[in-house]
Amino acid sequence: NPLTMSEAHPDSDTGETVSPRSPRFGQWVAFLAFSIITLGAAVEEKNTNASSGTALTNQRWAIACSAITFGFTAIMVGLHFHPVASTIVVGTKIEGAVILVMAAFWAGTVSIVSDARHGLAVSSDGDVSNGNLYYFSWAGFVCSVMLCVSYLRAVFGVDVASEIQNRSARLSLWSALLAAELIVMGSCANIFDQECAPRTTEAVTFCQRTKFGIAVGVIGTAFSLGVVGMKVATSQAPFLLEFVFAIFLVILNAFGVGYLTSPNGPGKGLGNLYYFSWISLLSSSMIGLSCFQDYKGGADADAGSSENTTDAEHKPGEIQVEPLEASDDV
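Residues numbered from 1 in each chain as written. Predicted model: local features only at pLDDT ≥ 70, side-chain atom pairs only at ≥ 80, totals over all residues. Heavy atoms only, no water.

Chemist: Explanation requested: the environment of serine 114 in the structure shown.
Modeler: Within the secondary structure, serine 114 sits in the loop between helix H4 (93–113) and helix H5 (131–156). Residue classification places serine 114 among the buried positions, given a relative accessible area of 13%. Sequence separation of serine 114 and leucine 133 is 19 residues, and the distance between their C-alpha atoms is 8.9 Å. There is a polar contact of 2.6 Å between the side chain of serine 114 and the backbone oxygen of valine 110. (Helix = DSSP H or I, 4+ residues; strand = E, 2+ residues; numbered from the N terminus. Buried < 20%, exposed > 50% of the residue type's maximum accessible area, 1.4 Å probe, protein only. Polar contact = N/O pair within 3.5 Å; in protein donor to acceptor, adjacent residues only side chain to side chain.)

Spelled out as structure tokens, the structure:
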């Protein structure tokens, strides 16, 4: 009998019980929508703004990545509606390979689209010039990561979020901070190369704040990478060192947000620098708050333990008898 959309069967390769309609079907449909919007916006932007040289090559590459992603995603969505074909793809290594390829292509697309040098979604000032292209390329990248996580959890039983959480406390927060600091550093470096190179007329304050943004990114990346490295290698990092790093980065990123996103700063417009400066501040603040809660919890536990020890010295029901002092009359 032909399979129906409600039937399920165990996959011979992975052992997963596979239904013709993947639990990731909604994510595939969303990925398809993001691909269509990104592809259309990239083509229109290329036709509107004439470029040459490296910028033109990167624009074509972004369009090619979007087109390839759209083609593969459309095929995957279409296969979900065919009862027999879906059983060959859903929950199998084929789906995993397609997801991996799409994530790689989309990472390249985001890096090109959000780079001001390529003249696509971001202007030379770091502002978002094409909202559809910028936001939906990032949405597609996030969707590809979610597909990877969902596939690993369903097929191999690997819960990435739980694994990171169990590996060490705050590892996911430090990893997010590391990624955000890298983007802040790269964005400031790109803006400095374009706007503050020799023979430019940019204000001195603007270029000084751009240099400060590069310094913030470098320091934040170094500190975050050190903590992440220790947590991955040994499953822990010295608590005092982690707490001091977190407090320092909160202060540093607070100044970074203030200087970079002000009217005279390079991140005043909505773009990578604006968003990830704030993400860096929020991530470091959450790390500092988590460290403080752990410290407070440990102090409360020590206080409770000392009280229990004191109470244990006097067993309930015992009558405390004071020793009689020797009397001179006896």
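Chemist: I tried to follow the nonpolar core on my own but got confused; where do I start?
Modeler: Taken as a class, soluble globular proteins show a tendency for nonpolar side chains to be buried jointly. The biggest cluster of nonpolar side chains holds 41 residues, and the ones touching the most others in it are Trp28, Phe31 and Leu133. Secondary structure elements with two or more residues in this core: helix H1 (25–48), helix H2 (54–79), H4, H5, helix H7 (171–195), helix H8 (204–234) and helix H10 (272–312). It is H1 that contributes the most residues to this core, eight residues altogether. With residues near it in sequence (within four places) discarded, tryptophan 28 still touches Thr73, Met76, Val77, His80, Glu95, Val98, Ile99 and Leu147. The next biggest cluster of nonpolar side chains, apart from the first, holds 15 residues, and it includes Val216, Ala237, Ile287 and Cys291. (Core = buried A, V, L, I, M, F, W, Y, C linked by side-chain atoms within 4.5 Å. Contact = heavy atoms within 4.5 Å.)

Chemist: Any chance you could explain the pattern of salt bridges here in plain terms?
Modeler: For side chains of opposite charge, pairing can occur when their charged atoms come near one another. Scanning the entire structure with this criterion turns up one salt bridge. In this structure, arginine 24 and glutamate 95 form a salt bridge, with 2.9 Å as the shortest nitrogen-oxygen distance. Of the two residues, arginine 24 sits in the loop between strand S2 (17–18) and H1 while glutamate 95 sits in helix H4, which places them 71 residues apart along the sequence. The buried category is assigned to arginine 24, whose relative accessible area is 0%. (Salt bridge = Lys/Arg side-chain N within 4 Å of Asp/Glu carboxyl O.)

Chemist: Whenever I open this one, the packing of H7 against helix H9 (residues 239–260) confuses me. Can you help?
Modeler: For any two helices packed against each other, one specifies the crossing angle of their axes together with the interaxial distance. Relative to each other, H7 and H9 sit at 35°, their axes nearing to 13 Å. Regarding H7 and H9, the two cross each other, and that crossing is left-handed. On H9, the residues touching Trp174, Leu177, Glu181, Val184 and Cys188 of H7 are Glu242, Phe245, Ala246, Leu249, Asn253 and Leu260. The class makeup of the residues in the contact of H7 with H9 is eight nonpolar, one polar and two charged. (Axes fitted to C-alpha atoms, helices over the stretch in contact; angles between N-to-C directions. Left-handed = near helix turned anticlockwise from the far one by under 90°. Nonpolar A, V, L, I, M, F, W, Y, C, P; charged D, E, K, R; others polar.)

Chemist: What's the story with H9 in this structure? I'm lost.
Modeler: The α-helix advances 3.6 residues per turn, and as a result positions three or four apart in sequence lie on the same side. Its 22 residues place the ends of H9 30 Å apart at the C-alpha level, agreeing with the 32 Å of an ideal helix rising 1.5 Å per residue. Inspection of H9 places Glu242, Phe243, Phe245, Ala246, Leu249, Leu252, Asn253, Gly256, Val257 and Leu260 among the buried residues, and these make up the whole buried set. (Expected span 1.5 Å × (residues − 1).)

Chemist: Honestly, a nonpolar patch on the surface in this entry has me stumped. Any pointers?
Modeler: A contiguous nonpolar surface patch, about 400 Å² in accessible area, is contributed by Phe239, Leu289, Phe292 and Tyr295. Among the elements that make up the nonpolar patch, the one with the highest residue count is H10 (three residues). With respect to the element layout, leucine 289 can be found in helix H10. Residue leucine 289 is classed as partly exposed on the basis of its relative accessible area of 48%. (Patch = residues over 30% accessible without salt bridge, like charges linked within 9 Å, V, L, I, M, F, W, Y side chains within 5 Å. Areas by Shrake-Rupley, 256 points an atom, 1.4 Å probe, with all protein chains shown as cover.)

Chemist: Looking at this model, I keep getting lost on the packing of aromatic side chains. Mind explaining?
Modeler: Aromatic rings in a pair are described by how distant their centres are and how their planes are angled relative to each other. All told, the structure shown has 16 aromatic pairs when counted by the stated rule. Pairing phenylalanine 25 with phenylalanine 81 gives two aromatic rings, centres 5.4 Å apart and planes at 80°, and the pair type is edge-to-face. Of the two residues, phenylalanine 25 sits in helix H1 while phenylalanine 81 sits in the loop between H2 and helix H3 (83–89), which places them 56 residues apart along the sequence. Among the residues examined, phenylalanine 25 registers a relative accessible area of 15% and is labelled buried. With a relative accessible area of 51%, phenylalanine 81 lands in the exposed category. With centroids separated by 4.3 Å and ring planes inclined at 15°, the aromatic side chains of phenylalanine 223 and phenylalanine 245 adopt a geometry described as stacked. Of this pair, phenylalanine 223 sits in helix H8 while phenylalanine 245 sits in helix H9, placing them 22 residues apart in sequence. By relative accessible area, which is 17% here, phenylalanine 245 ends up buried. By the ring-pair criterion, three or more aromatic residues cluster together here, those being Tyr134, Tyr135, Tyr274 and Tyr275. (Phe/Tyr/Trp six-rings, centres within 6.5 Å; stacked < 30°, edge-to-face > 60°.)

Geometric values such as these leave the question of function open.
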